[in-house]
Amino acid sequence: MSTIAENIAKVGARIREAAQASQRNLTDIGLLAVSKTKPAAAIREAHAAGLRDFGENYLQEALEKQTELSDLPLIWHFIGPIQSNKTRPIAEHFDWVHSVDRLKIAQRLSEQRPAHLPPLNICLQVNVSAEDSKSGCSPEALPELAKAVAALPNLRLRGLMAIPEPTDDIAAQHAAFAHLRQLRDDLALDLDTLSMGMSHDLEAAIAEGATWVRIGTALFGARDYGQPTH
């Protein structure tokens, strides 16, 4: 069975090869380890192998891990759907939020961000595949939302995030990621971030400009959904 360190090396090689193939600077592509449902020990192992950015979907689970791992200099990203009654702990305990899809949530995060912390890095989630089951604002609603969020204090709008409909069609992967890139560029807001690409499609995402690839399964193995996720 592969260790997490071995998996990180394999994913790192994939990212490096994809960057070379698309003539991109490797330092412009971040590896976000998606650690939802995985124990704190796995995060500790991944940190020992060189990772520092970790993405969590479930608030209570994430807060418990943050307490257990408070001795490590980790950067925490919230990447799951956000309920209004969960915004305060997210604003207080995370460095990035990738999944803002409506103004009410952004306003609450801005109001509840502690004054002693730097602005909270925000990505707006866009439903680029128009899936009923997916969170995310519509491409049509994005310009108005982005303009409003960019004006909020205590937040720093960094870019866009998407979870396109899974497909093995490489051309379709590229098309979805290119769509998100174009949406970002059309906003003309000097945004530097595209959070897109997962274990099965990171190559296409990097080719189309991803600055964060969100990798879980390829690093930690299949997820265990047997535990309560709060």
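Conventions we followed
Residues numbered from 1 in each chain as written. Predicted model: local features only at pLDDT ≥ 70, side-chain atom pairs only at ≥ 80, totals over all residues. Heavy atoms only, no water. UniProt positions renumbered as here; feature names shortened; annotations may be inferred. Helix = DSSP H or I, 4+ residues; strand = E, 2+ residues; numbered from the N terminus. Rg over C-alpha atoms; globule rule 2.2 N^0.38 Å. Buried < 20%, exposed > 50% of the residue type's maximum accessible area, 1.4 Å probe, protein only. Contact = heavy atoms within 4.5 Å. Areas by Shrake-Rupley, 256 points an atom, 1.4 Å probe, with all protein chains shown as cover. Lys, Arg positive; Asp, Glu negative; His and termini not counted. Charge placed at Lys NZ, Arg CZ, Asp CG, Glu CD. Salt bridge = Lys/Arg side-chain N within 4 Å of Asp/Glu carboxyl O. Arc of directions from axis to C-beta. Axes fitted to C-alpha atoms, helices over the stretch in contact; angles between N-to-C directions. Parallel < 35°, antiparallel > 145°, perpendicular 65-115°, else oblique. Left-handed = near helix turned anticlockwise from the far one by under 90°. Nonpolar A, V, L, I, M, F, W, Y, C, P; charged D, E, K, R; others polar. Phe/Tyr/Trp six-rings, centres within 6.5 Å; stacked < 30°, edge-to-face > 60°.

- An unreviewed UniProt entry lists the protein under the name Pyridoxal phosphate homeostasis protein, with Pseudomonas sihuiensis as the source organism.
- Under the heading Function (unreviewed entry), UniProt records this for the protein: "Pyridoxal 5'-phosphate (PLP)-binding protein, which is involved in PLP homeostasis."

## What to know about the overall build of the protein
- The secondary structure content of the protein amounts to 9 helices and 8 strands.
- At 17 Å, the protein has a C-alpha radius of gyration in line with the 17 Å of a compact globule built from 230 residues.
- On the principal axes, the C-alpha backbone points of the protein span a range of 50 × 40 × 30 Å.
- Out of the 230 residues in the protein, the part that is buried amounts to 51%.
- In the protein, once contacts between residues fewer than 6 apart in sequence are set aside, the share between residues at least 24 apart is 59%.
- For the protein, the computed accessible surface area is about 10,900 Å², with 50% contributed by carbon and sulfur atoms.
- Treating the 23 positive side-chain charges of the protein as one cloud and the 29 negative ones as another, the clouds have centres 4 Å apart.

## What about the pattern of salt bridges?
- Tallied over the full model, the rule gives 10 salt bridges.
- One salt bridge in this structure joins Asp71 and Arg44, with 3.0 Å as the shortest N-O distance. One end of the pair, Asp71, is in the loop between helix H3 (59–68) and strand E3 (75–78); the other, Arg44, is in helix H2 (residues 40–48), and 27 residues separate them in sequence.
- Given a relative accessible area of 33%, Arg44 falls into the partly exposed group.
- Two residues, Glu61 and Lys65, come together in a salt bridge whose shortest N-O distance is 2.6 Å. With Glu61 and Lys65 both in helix H3, this residue pair falls 4 residues apart, about one helical turn. Across this residue pair, the class does not change: Glu61 and Lys65 are buried.
- Put simply, Glu56, Glu61 and Lys65 are held in one network by salt bridges that share partners.

## Comments concerning H2
- Those residues of H2 that sit buried are Ala40, Ala42, Ile43 and Ala46. Mapping the buried residues of H2 onto a view down its axis gives an arc of 155°, with all of them on the same face. Every exposed residue of H2 that faces more than 90 degrees away from the buried side is listed here: Ala41 and Ala48.
- Looking at the buried positions of H2, the neighbouring elements they touch are helix H1 (4–21), strand E2 (53–56), H3, E3 and helix H9 (217–220).
- Phi for Gly50, located one or two positions after H2, is positive at around 115°.

## Section: unusual backbone geometry
- Phi angles above zero are rare outside glycine, and Thr37 is one such case at about 70°.
- Here Asp190, not a glycine, exhibits a phi torsion of approximately 55°, which is positive.

## Side note on the packing of H1 against H2
- At a minimum axis distance of 9 Å, the contact between H1 and H2 shows a crossing angle of 55°. Here H1 lies oblique to H2, going by the angle between them. Judged by the twist between their axes, the crossing of H1 over H2 is right-handed. Facing H1, whose interface residues are Ile4, Ala5 and Ile8, H2 presents Ala42, Glu45 and Ala46.
- Among the residues making up the contact of H1 with H2, the classes are represented as 5 nonpolar, no polar and 1 charged.

## A short note on the packing of aromatic side chains
- Enumeration according to the criterion identifies 3 aromatic pairs in this entry.
- Note on Phe54 and Trp76: the rings are 6.3 Å apart at their centroids and 45° apart in plane angle, and the pair reads as tilted. Note that Phe54 is positioned in strand E2 and Trp76 in strand E3, a separation of 22 residues in sequence. The burial state of Phe54 is the same as that of Trp76; both residues are buried.
- Seen from their ring centres, Phe78 and Phe94 are 5.4 Å apart, and the 80° between their planes marks the pair as edge-to-face. Of this pair, Phe78 sits in strand E3 while Phe94 is found in the loop between helix H4 (87–93) and strand E4 (96–100), placing the two residues 16 residues apart along the sequence. This pair shows no difference in class: Phe78 is buried, exactly as Phe94 is.

## Some words on helix H5 (residues 103–112)
- For H5, every residue scored as buried is listed here: Ile105, Ala106, Leu109, Ser110 and Gln112.
- The inward-facing, buried residues of H5 abut H4, E4, strand E5 (120–125), helix H6 (142–150) and strand E6 (155–161).

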